[in-house]
Amino acid sequence: MSATNDMLNIKGVDSFYGASRALFGVSFDVHRGDSVALLGRNGAGKSTTLKSIMGLADVRNGIIQVSGHPARGCRPEHIARLGVAYVPEDRQVFRRQSVEANLTLGMKAGADGVREWTLERVYSVFPMLWDARRKGAGTLSGGQQQMLVIARALLGNPLIMLLDEPSQGLSPLVMDQLQLLLQQLRQAGMTLVLAEQNTRFCMGVASRAVVINQGSVVFDDDIAAFNADEALRHRYLAA
Ligand SMILES: Nc1ncnc2c1ncn2[C@@H]1O[C@H](COP(=O)(O)OP(=O)(O)OP(=O)(O)O)[C@@H](O)[C@H]1O
Ligand SMILES: [Mg+2]
């Protein structure tokens with residue numbers, strides 16, 4: 001891999017759904033070990049930004065680089081091989097397969113050849129997946145399924161993880177557990193980008209906020225500074 005400290009460079013990205021434009025020159029950078037919250041209200045363009053990085057959106061202008069490699073217009077499999085794990089909001093598990101089979105399917109060496117994440121390590125970080133390892137993935141609760149898809153993504157030994165609304169639909173208790181887990185991942189050096197509507201959930205996980213409004217980045221700085229500014233929050237997030 002290149003020695004660059006840049007995990008992700010996004011510059012002037014315009015993305016479309018047919019004739020309708022969703023992103024207007026989105027630019028931001030993510031460095032190795034950064035944890036970035038992508039905030040914004042309903043329909044702001046958070047998911048489209050993650051899809052644009054993953055090669056799942058119609059990106060018509062701009063530059064996308066993953067660890068210094070050109071990534072715009074590449075297929076999702078190629079982006080994944082560059083070390084990007086994407087956890088979409090719909091938590092796709094193989095419902096009829098066991099939890100362990102779901103995990104095993106995700107196992108591969110990372111873009112840098114390392115296998116830091118093994119089944120053993122995943123089970124030590126997610127004890128509830130060890131307890132449920134023989135159960136059908138479809139029998140798990142929403143929170144457990146969210147843990148499962150994150151664990152499966154980790155087994156691909158990614159350099160960076162893109163998580164779309166990981167806290168969505170979780171009970172407060174499970175949300176706290178997930179928050180703690182993401183904090184652990186961050187402390188272990190994982191680079192994270194989480195698209196979220198829930199700023200409170202991001203506090204303690206992310207150090208930076210990139211706020212999107214109507215398809216444009218309107219704030220890119222310390223998340224604590226954003227959270228402390230009531231006028232900004234009111235302007236760019238759901239009331
Ligand atoms: N499949 C699609 N076809 C057409 N327009 C779409 C499609 N998906 C999203 N859009 C539009 O693109 C814009 C950005 O949507 P996006 O899903 O990226 O927002 P978001 O910030 O993720 O919102 P949410 O918080 O609701 O998930 C919105 O105007 C939305 O209506
Ligand atoms: Mg979304």
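These notes cover the structure that comes with them. Values in this document were obtained by computation on a predicted structure and should not be read as measured data.

As a further point, take the overall build of the protein chain. Scanning the protein chain from N- to C-terminus turns up 10 helices and 10 strands. Relative to a compact globule of 239 residues, whose C-alpha radius of gyration would be 18 Å, the protein chain shows 17 Å and is just as compact. Its C-alpha atoms give the protein chain principal-axis dimensions of about 45 × 40 × 35 Å. Across the protein chain, contacts joining residues at least 24 apart in sequence account for 67% of those joining residues at least 6 apart. Once the 25 positive and 22 negative side-chain charges of the protein chain are each reduced to a mean point, those two points are 6 Å apart.

Before going further, it helps to spend a moment on unusual backbone geometry. Phi at S67 takes a positive value of approximately 40°, unusual for a residue other than glycine. Relative to the helices and strands, S67 is located in the loop between β4 (58–66) and β5 (69–70). For R91, which is not a glycine, the phi torsion comes out positive at approximately 45°.

This brings us to the site of ligand 1. Around ligand 1, the surrounding shell consists of Y17, A22, R41, N42, G43, A44, G45, K46, S47, T48, E165 and Q197. Taking T48, its side chain carries an N or O atom lying 2.5 Å from an oxygen atom of ligand 1. Taking Q197, its side chain carries an N or O atom lying 2.8 Å from an oxygen atom of ligand 1. For ligand 1, whose accessible area on its own is 640 Å², the fraction buried by protein is 59%. If you tally residues by element for the shell around ligand 1, the top one is helix α1 (residues 46–54), at three residues. Here the shell around ligand 1 is composed, by residue class, of three nonpolar, six polar and three charged.

What the four strands build is an open sheet, ordered β2-β1-β4-β5; its pairing is antiparallel. A single partner strand is all that each edge strand has here, and the edge strands are β2 (20–31) and β5. Taken together, the seven bridges between strand β1 (residues 6–17) and β4 define a ladder with antiparallel strand orientation. Bridge pairing links S15 to V59 in β4. Seen against the sheet, α1 touches β1, β2 and β4 and runs at an angle of roughly 110° to β1.

Our next topic: the side chain of T191. Along the chain, T191 falls in strand β8 (residues 191–196). Side-chain polar atoms of T191 contact the backbone nitrogen of G33, separated by 2.8 Å. When near neighbours in sequence (up to four residues on either side) are disregarded, T191 contacts M7, V30, H31, R32, G33, D34, L159, I160 and M161.

What counts, and at which threshold
- Residues numbered from 1 in each chain as written.
- Chains lettered and ligands numbered in written order.
- Predicted model: local features only at pLDDT ≥ 70, side-chain atom pairs only at ≥ 80, totals over all residues.
- Heavy atoms only, no water.
- Helix = DSSP H or I, 4+ residues; strand = E, 2+ residues; numbered from the N terminus.
- Rg over C-alpha atoms; globule rule 2.2 N^0.38 Å.
- Contact = heavy atoms within 4.5 Å.
- Lys, Arg positive; Asp, Glu negative; His and termini not counted.
- Charge placed at Lys NZ, Arg CZ, Asp CG, Glu CD.
- Near = heavy atom within 4 Å.
- Polar contact = N/O pair within 3.5 Å; in protein donor to acceptor, adjacent residues only side chain to side chain.
- Areas by Shrake-Rupley, 256 points an atom, 1.4 Å probe, with all protein chains shown as cover.
- Nonpolar A, V, L, I, M, F, W, Y, C, P; charged D, E, K, R; others polar.
- Pairing = 2+ DSSP bridges.
- Axes fitted to C-alpha atoms, helices over the stretch in contact; angles between N-to-C directions.

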